[in-house]
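A structural walkthrough
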Amino acid sequence: MKENPRLRWHFGIRLLHWLTVIALAAQIAVAFGPMDGPGMATMNWLPLHMSIGVTILAIIILRLCWRIFTRAPVRQASRPMRFATAFFHMFLYVAILAVLITGWLGYRPMPFMPPARLFGNLPVPLAPSVSALSARGFAVIHAKLVWVLLGLAGVHILAALVHFVLLRDGVMRSMFFNRSNTASRE
């Protein structure tokens, strides 16, 4: 039996979703691992941290562009639930972008240090100065927004587990690369 493609996300959206998950997990591992160390550890790991950040930005931009041209799977949910879901996902995207932008605005190379290089080759362009806040201020906001993002990611994961374990409505399966169990109910 052929599966109804409207019951699952487009392959590209699913691929970009899981690439985002992997990149964010790597970013968190670097930020709370070796970058959290003493002295020059942060500076030594900063180019990788920034490279992963640029990768996440590229993936998010691709996801948003792709999402403009693809429709979400058909779900049996109330209008308020669909609105809440859309609002939460929009807020998650905004949080990711806010973390990325404040991280860039908070970057200023130390005097007499070579600037960080993205992917080992490309010099990091300096963000424009924003008179209302210093680079250090943006770095503090960046760190606080990371915790907001982690909280939102936790809620997202919890909601996915509720769909998978309690509701068993095929929402989680539609994000994996196998067949959706909603197709077998037709």
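It should be emphasised that the depicted structure is a prediction, and the values quoted were computed from it without experimental measurement.

About the thresholds
- Residues numbered from 1 in each chain as written.
- Predicted model: local features only at pLDDT ≥ 70, side-chain atom pairs only at ≥ 80, totals over all residues.
- Heavy atoms only, no water.
- Helix = DSSP H or I, 4+ residues; strand = E, 2+ residues; numbered from the N terminus.
- Buried < 20%, exposed > 50% of the residue type's maximum accessible area, 1.4 Å probe, protein only.
- Contact = heavy atoms within 4.5 Å.
- Areas by Shrake-Rupley, 256 points an atom, 1.4 Å probe, with all protein chains shown as cover.
- Lys, Arg positive; Asp, Glu negative; His and termini not counted.
- Charge placed at Lys NZ, Arg CZ, Asp CG, Glu CD.
- Phe/Tyr/Trp six-rings, centres within 6.5 Å; stacked < 30°, edge-to-face > 60°.
- Core = buried A, V, L, I, M, F, W, Y, C linked by side-chain atoms within 4.5 Å.
- pLDDT = per-residue confidence, 0-100.

**Regarding the overall build of the protein**
When its secondary structure is counted, the protein shows 4 helices and 2 strands. Once the C-alpha set of the protein is aligned to its principal axes, its extents read approximately 65 × 30 × 30 Å. Considering the protein as a whole, with its 186 residues, one finds that 31% of them fall into the buried category. A fraction of 72% describes how many contacts in the protein between residues 6 or more apart in sequence connect residues 24 or more apart. Of the roughly 12,100 Å² of accessible surface on the protein, 74% is carried by carbon and sulfur atoms. Positive and negative side-chain charges in the protein, numbering 18 and 4 respectively, have mean positions lying 7 Å apart.

**Describing the packing of aromatic side chains**
Under the criterion given, the structure shown has 4 aromatic pairs. Between F87 and F91, the aromatic rings sit 6.4 Å apart at their centres with planes inclined by 5°, giving stacked as the arrangement. In this pair, F87 and F91 both sit in helix α3 (residues 79-105), 4 residues apart, roughly one turn of the helix. Assessed through its relative accessible area of 45%, F87 is described here as partly exposed. Assessed through its relative accessible area of 40%, F91 is described here as partly exposed. Within the aromatic cluster, the residues linked to one another by ring pairs are F83, F87 and F91.

**Concerning the environment of A153**
Among the structural elements, A153 can be located in helix α4 (residues 135-167). According to the relative accessible area criterion, A153 is partly exposed, its value standing at 29%. Residues A153 and L92, 61 residues apart in the sequence, show an inter-C-alpha distance of 7.7 Å.

**Looking at the nonpolar core**
The biggest cluster of nonpolar side chains holds 24 residues, and the ones touching the most others in it are M50, I56, I96, Y107, V124 and L149. For this core, the element with the highest residue contribution is α3, accounting for 7 residues. Every residue in contact with I96, bar those within four places of it in the chain, is listed here: L24, I56, I60 and L149.

**Some details on the confidence of the model for the protein**
The predicted model of the protein averages 86 in pLDDT, with 91% of residues at 70 or higher. This model gives residues 180-186 a pLDDT under 50, and the stretch forms 20 contacts once residues within four places in sequence are excluded.

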